[in-house]
Amino acid sequence: MLEFLEKSIKVTIDTSKCSECETKACIAACKKFARGMLQLKDGVPSVAHLSADEVKRRGTECLACEYECWFRGKSAIKIDVPIEGLDEYLRKRGLS
């Protein structure tokens, strides 16, 4: 399991699914739409070549890796985007 933080999002990658992924679509998406932070290391996505501070600074929060993994990969990537006040908003409207 790989987890890393960008400025305001948390990216979680279930790397156990990545070894059977033929497309590695997340890597291509990161290169095309972001800053190429994701790189393959031993056949799975990695940000080990960057420090945690570099990941936060360089992260563009573009969400392309999750989208591409969902459509062309193995649905191994989950991006959490916390929205302050959302839980309270939903609770007030009976939607939670």
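On a predicted model such as this, the values are computed, not experimentally measured, just so you know. (Residues numbered from 1 in each chain as written. Predicted model: local features only at pLDDT ≥ 70, side-chain atom pairs only at ≥ 80, totals over all residues. Heavy atoms only, no water.)

Draft legend 1. Representation of the packing of helix α2 (residues 25–33) against helix α4 (residues 64–72) in the model. For the pair α2 and α4, the least separation of the axes is 8 Å and the interaxial angle reads 145°. Regarding α2 and α4, the two cross each other, and that crossing is right-handed. Across the interface between the two elements, A25, C26, A29 and F33 of α2 pack against A64, C65, E68 and R72 of α4. (Axes fitted to C-alpha atoms, helices over the stretch in contact; angles between N-to-C directions. Helix = DSSP H or I, 4+ residues; strand = E, 2+ residues; numbered from the N terminus. Left-handed = near helix turned anticlockwise from the far one by under 90°. Contact = heavy atoms within 4.5 Å.)

Draft legend 2. Structural context of α2. All buried positions along α2 are accounted for by A25, C26, I27, A29 and C30. Those residues of α2 that are buried lie in contact with β3 (39–41), β4 (44–46), α4 and β5 (77–80). (Buried < 20%, exposed > 50% of the residue type's maximum accessible area, 1.4 Å probe, protein only.)

Draft legend 3. The arrangement of the pattern of salt bridges in detail. If you walk through the whole model with that rule in mind, you get 4 salt bridges. The partner of E3 in a salt bridge is K10, and the shortest N-O contact between them spans 3.9 Å. Here K78 makes a salt bridge to D80, at a shortest N to O gap of 3.4 Å. Residue class for K78 comes out partly exposed when judged on its relative accessible area of 49%. (Salt bridge = Lys/Arg side-chain N within 4 Å of Asp/Glu carboxyl O.)

Draft legend 4. Structural context of the sheet that holds strand β1 (residues 2–5). Taken in spatial order, the 3 strands of this open sheet run β1-β2-β5, and their pairing is antiparallel. Edge positions in the sheet fall to β1 and β5, since each has one partner strand and no second. Strand-to-strand twist of the sheet, defined as the mean angle between neighbouring strand axes without regard to direction, takes the value 15°. (Pairing = 2+ DSSP bridges.)

Draft legend 5. Spotlight on the state of the cysteines. Enumeration over the complete set of coordinates arrives at 0 disulfides. Between C18, a free cysteine, and C26, which holds the nearest cysteine sulfur, the sulfur-to-sulfur gap is 6.0 Å. Accessibility expressed as a relative area gives 8% for C18, which makes it buried. This cysteine, C65, is not joined by any disulfide, and C62 carries the nearest cysteine sulfur, 6.4 Å off. In this structure C65 comes out as buried when scored by relative accessible area, which is 12%. (Disulfide = S-S within 2.5 Å.)

Draft legend 6. Up close: the pairing of strand β2 (residues 10–13). Sheet topology places β1 next to β2; 4 bridges connect them, and they run antiparallel. Across the sheet, residue E3 finds its bridge partner in β2, namely T12. Taken together, β1 and the strand that follows it, β2, pair antiparallel across an intervening segment of 4 residues. Pairing of β2 with β5 involves 4 bridges; the strand directions are antiparallel. Pairing of V11 across the sheet is with I79, part of β5.

Draft legend 7. Quick peek at α4. Turning to α4, its buried residues number three or more, namely A64, C65, E68 and C69. Seen end-on, α4 carries its buried residues on one side only, within an arc spanning 125°. Where α4 is buried, its residues meet α2 and β5. (Arc of directions from axis to C-beta.)

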